[in-house]
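# Inside the fold
Spelled out from the first residue to the last, the chains are:
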Amino acid sequence: MVNLSIDMTDYTKPKTLSRLCLLATLLVATLLFAALPTGFVGAQATTYPEYVVVPGDTLSWIALRFDSTLDDLLAINGLTDTSMLRPGDRLKIPSLAGLQGILTTEYVALGSSLTSLSRRSQAEPADLIRANKLTSPSELFIGREIIMTHLEDTPMMTTMASLKTGQSFMEASILSGQNTWTLTELNRLKNPLRGLPMDTYYEPSDVESPNNLAIPGVKEILVDNLPLLQGDTFLIEVSSDEPVIVAADLAGIQPVFVDMGGGVQMGYGGINALTDVGVYPLTMEFTNSEGATYRFDQYVMISSGNFATDQPLQVDPASVGTDDEKAENAKFKEVVAPVTPLQQWSGLWYSPAQDADCIISSFGSRRTYNNDPSLYYHTGLDLGYCQGVDVYAPAGGTVAGVFPDQVVRGNAIVIDHGLGVYTTYMHLSQILVAVGDVVRPGQLIGIIGTTGRSTGPHLHFEVNVHGTPVNPLTWLRRAFP
Ligand SMILES: [Zn+2]
C-alpha cells in the first residue's frame, strides 16, 4: 500500500506540472501571435543556409551564384548595397529558405552520384536536388560545379574500403573498426546486411576525402582536360594497387590503356570536332585477376569548341573525293592507327613553326565545298610563312612515315609520339628526316612549302589521337600528363 501511494504521488505531480506548463505555453503563444505580423501566424521560424564569404566575393556575385536577387540578399542579412564583405562573413541565402547548414561549392568528381554526395555531406538528397535544381541524373556530370550543404555538427567523412563480392556492409563496417549501427545510419542504409559492391560508403574521419570510387584495388581515376570541348584531347589515368584490365567508352571513343609502371595506366582519346554538344555517359569497366568485373557510368559534358565557319569554298569538282584522295586518306589513317606503348614526349610541346603566332587558319573551322551541304572541318592548324620556313619536331618521337608528292598533302611527314598520339606536317617543300628516325624536341625536320592541295606557302600541322584529328593548340598550351 505504501508503495502504491508513493507511486500515485509520483505520477500525479508531473501531470499537474505539465498542465501548468501547457497553460503557460498557450499564454505565451497567444501573446506572440498578437505581436507578430499575420503572415507568420502558425509558421515555424524560417531557416536559411549560410554561405561563408571568400576573398574576391561580391554581393552581386553571391546573389547570382545562388539565384537570388541582390535586394533579397541585402534584406535578409540586414545589409545595404554599400556594405563591405569580409572573408569569413556568413550570409544567409534567401533563395534556399528552409535548408540549413553551411553552403559550399565543389566540382562533381568521377564516381559521384546523388546518393554518394548525400552520404558524404550528410545532406538530404532532396536538399541537394533543390540547391542544385537537379531534374535528371545526367545533370551530375563530371566537372560540374555543385552546391553542397553541410550541417555543422556532422562528422567529416571519408570513403570506406569498398565491399568485396559477397561481403555485407556489416562485415565491412566491423573491419573498419567503427560502430556498425552508426555507419548504417550515416550511410542511410535500412539494413546493414544489404550493401552493394559497387556502392560508395563513408565513415567518419579527421580528413574529408572527395574520393567517391568503390572499385576494389583501384585507388584513383582522373579524367583530364575538363571541361571537354569538341575536337579536344582527353586523358584517363587509372592508379591501382593490383593488376586490373581497364576499358572505357566515351561518345564511342575507346581509349587504349597503356601500363606506365608503378600501378598507373593511361588512355588517351580524341573527341571528333563534329560531335554534337551535350552530355555523354563515360562507361568504365575494370576486370581484376580473378575475372570479376566492375562497371560504372558517369556523365561527361562535351561543350562547344566555338569553331568559326569559313566562307563556302568553290573548288574543281574533279579534285574532291577522287580515288587518289581516298587512297591517300586511307594510307594516312593506317599510319596513325597503332598505339605504341612508349611515351616519347615530355611536358609542353614547342611550336613546329618559327613563328608560333603566325596562325592563318584555326583547327575545327567548318567548311563546305561547292554548295554541298556535307559539313567538313579543318583538321589541323595552319601556320603561315611569317618569320622563317623551318619546321621543327614539337616533341620527342619516331618518324612513322615520309610521303613525297601526295595529291592533297604534298610532301608530308608523320611522327609517332607514343600512346596513340601522332603529328603530321603537310605541304612541305623539303623533308629532312627518314622513316625510323628518332627526333628530339625542336629538331629541324622539314621546310615550309606549298605542295599538294595548297594555295600558298604554309604548314598544315595536325595532331591525331587514336586516328582522330584534335586541336593542336591544346598540346601547345598545356602539358599531358
Ligand atoms: Zn590546313
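Residues numbered from 1 in each chain as written. Predicted model: local features only at pLDDT ≥ 70, side-chain atom pairs only at ≥ 80, totals over all residues.

## Remarks on the overall build of the protein
Inclusion rule: The secondary structure listing takes helices from DSSP runs of H or I that are at least 4 residues long and strands from runs of E that are at least 2 residues long, numbered from the N terminus. Each residue is classified by how many other C-beta atoms fall within 10 Å of its C-beta atom, where C-beta atoms are placed from the backbone; a count of 20 or more means buried, 12 or fewer means exposed, and values in between mean partly exposed.
Looking only at helices and strands, one finds nine helices and 27 strands in the protein. Split into buried and exposed, the 481 residues of the protein put 32% on the buried side.

## So, the nonpolar core
Rules: By our criterion, buried Ala, Val, Leu, Ile, Met, Phe, Trp, Tyr and Cys residues that link up through C-beta atoms within 7 Å make up a nonpolar core. Contact criterion: two residues are in contact if their C-beta atoms, reconstructed from the backbone, are within 7 Å.
Grouped together as the largest cluster of nonpolar side chains are 61 residues, with contacts concentrated most on V300, I413 and Y425. Sorting elements by how many residues they give to this core places strand β22 (residues 421-428) first, with five residues. When near neighbours in sequence (up to four residues on either side) are disregarded, Y425 contacts P352, V391, A412, I413, I445, G446, L459 and F461. Listed in part, the 16 residues of the second largest apolar core include Y51, L99, L103 and A131.

## Here's the deal with the sheet that holds strand β4 (residues 145-150)
Stated formally: Two strands pair if DSSP finds at least two bridges between them. Lines fitted to the C-alpha atoms define the axes, with helices restricted to the stretch that makes contact. Angles between their N-to-C directions range from 0 to 180 degrees.
Here four strands make up an open sheet; going across it, the order is β2-β1-β3-β4 and the pairing mixed. Unpaired on one side and paired on the other, β2 (90-92) and β4 mark the two borders of the sheet. Neighbour-to-neighbour, the strand axes of the sheet open up by a mean angle of 40°, direction not taken into account. In terms of strand pairing, strand β1 (residues 50-52) meets strand β3 (residues 102-107) through two bridges, oriented parallel. Across the sheet, E50 pairs through a bridge with I102, a residue of β3.

## Digging into the environment of P481
Structurally, P481 can be placed in the segment after α9 (472-477). Exposure remark for P481: the 14 C-beta atoms within 10 Å place this residue in the partly exposed category. Distance in space between the C-alpha atoms of P481 and I236 is 9.8 Å, their sequence separation being 245 residues. Every residue in contact with P481, bar those within four places of it in the chain, is listed here: D224, L235, E237 and M266.

## Notes on the sheet that holds strand β11 (residues 256-261)
Pairing between the strands of a sheet comes from backbone hydrogen bonds, and it takes one of two forms, parallel or antiparallel. An order of β7-β9-β12-β11 is seen for the four strands of this open sheet, with the pairing classed as antiparallel. A single partner strand is all that each edge strand has here, and the edge strands are β7 (218-224) and β11. For this sheet, the mean angle separating the axes of adjacent strands, direction not counted, is 20°. The sheet contact formed by strand β9 (residues 233-240) and strand β12 (residues 264-270) spans seven bridges and is antiparallel. Of the residues in β12, the one forming a bridge with I236 is G267.

## Quick notes on helix α4 (residues 114-121)
Taken across its eight residues, α4 has six buried, putting it largely inside the fold. Buried residues of α4: S116, L117, S118, R119, R120 and S121, and no others. Buried positions along α4 lie against α5 (125-132), β4, β5 (157-159) and β6 (202-204).

## Some thoughts on unusual backbone geometry
With an omega of -10°, the peptide bond between L226 and P227 qualifies as cis. With respect to the element layout, P227 can be found in the loop between β7 and β8 (228-229). Cis rather than trans, the peptide bond between F480 and P481 has omega equal to -15°. Residue A251 is not a glycine yet carries a positive backbone phi of 50°. Locating A251 in the fold gives a position in the loop between β10 (244-250) and β11. Residue classification places A251 among the partly exposed residues on the basis of 16 C-beta atoms within 10 Å. Not every positive phi belongs to a glycine, and N306 is a case in point at roughly 50°. Here N306 is to be found in the loop between β14 (293-303) and α8 (323-335).

## Section: the environment of Q430
With respect to the element layout, Q430 can be found in strand β23 (residues 430-431). Given 14 C-beta atoms within a 10 Å radius, Q430 is considered partly exposed. When sequence neighbours within four positions are dropped, the list of residues in contact with Q430 reads G446 and I447.

## Describing the pairing of β10
Only one face of β10 is covered, namely the face carrying V244, V246, A248 and L250; the face carrying I245, A247 and D249 is uncovered. Looking at chain direction, β10 and strand β13 (residues 278-288) are connected through seven bridges and run antiparallel. Residue pairing in the sheet places I245 in a bridge with T287 of β13.

## A word on the confidence of the model for the protein
Where the model shows low pLDDT, its predicted coordinates should not be examined in detail. Convention followed: pLDDT expresses, on a scale from 0 to 100, how confident the predictor is about each individual residue.
Looking at the protein as a whole, the pLDDT averages 85, with 89% of positions reaching at least 70. For residues 1-41, every residue scores under 50 in pLDDT, and the model assigns this stretch two contacts once sequence neighbours within four places are set aside.

## So, α5
Keep this limit in mind: When we speak of the arc, we mean the arc of directions from the helix axis to the C-beta atoms.
Buried within α5 we find D127, L128 and A131. Projected down its long axis, α5 carries its buried residues within an arc of 100°, all on one side. As for α5, its buried residues are in contact with α4 and β4. K133 sits one or two residues past α5 and shows a positive phi near 50°.

## Digging into the pairing of strand β20 (residues 397-406)
Of the strand pairs in this sheet, β20 and strand β24 (residues 438-439) are connected by two bridges, and their pairing is antiparallel. Among the inter-strand pairings, T398 is bridged to a residue of β24, identified as V438. Inspection of the sheet shows β20 paired to strand β21 (residues 410-418) by six bridges, in the antiparallel sense. Each residue of the ladder has a partner; that of T398, found in β21, is D416. The antiparallel pairing of β20 with β21 creates a hairpin that spans three residues between the two strands.

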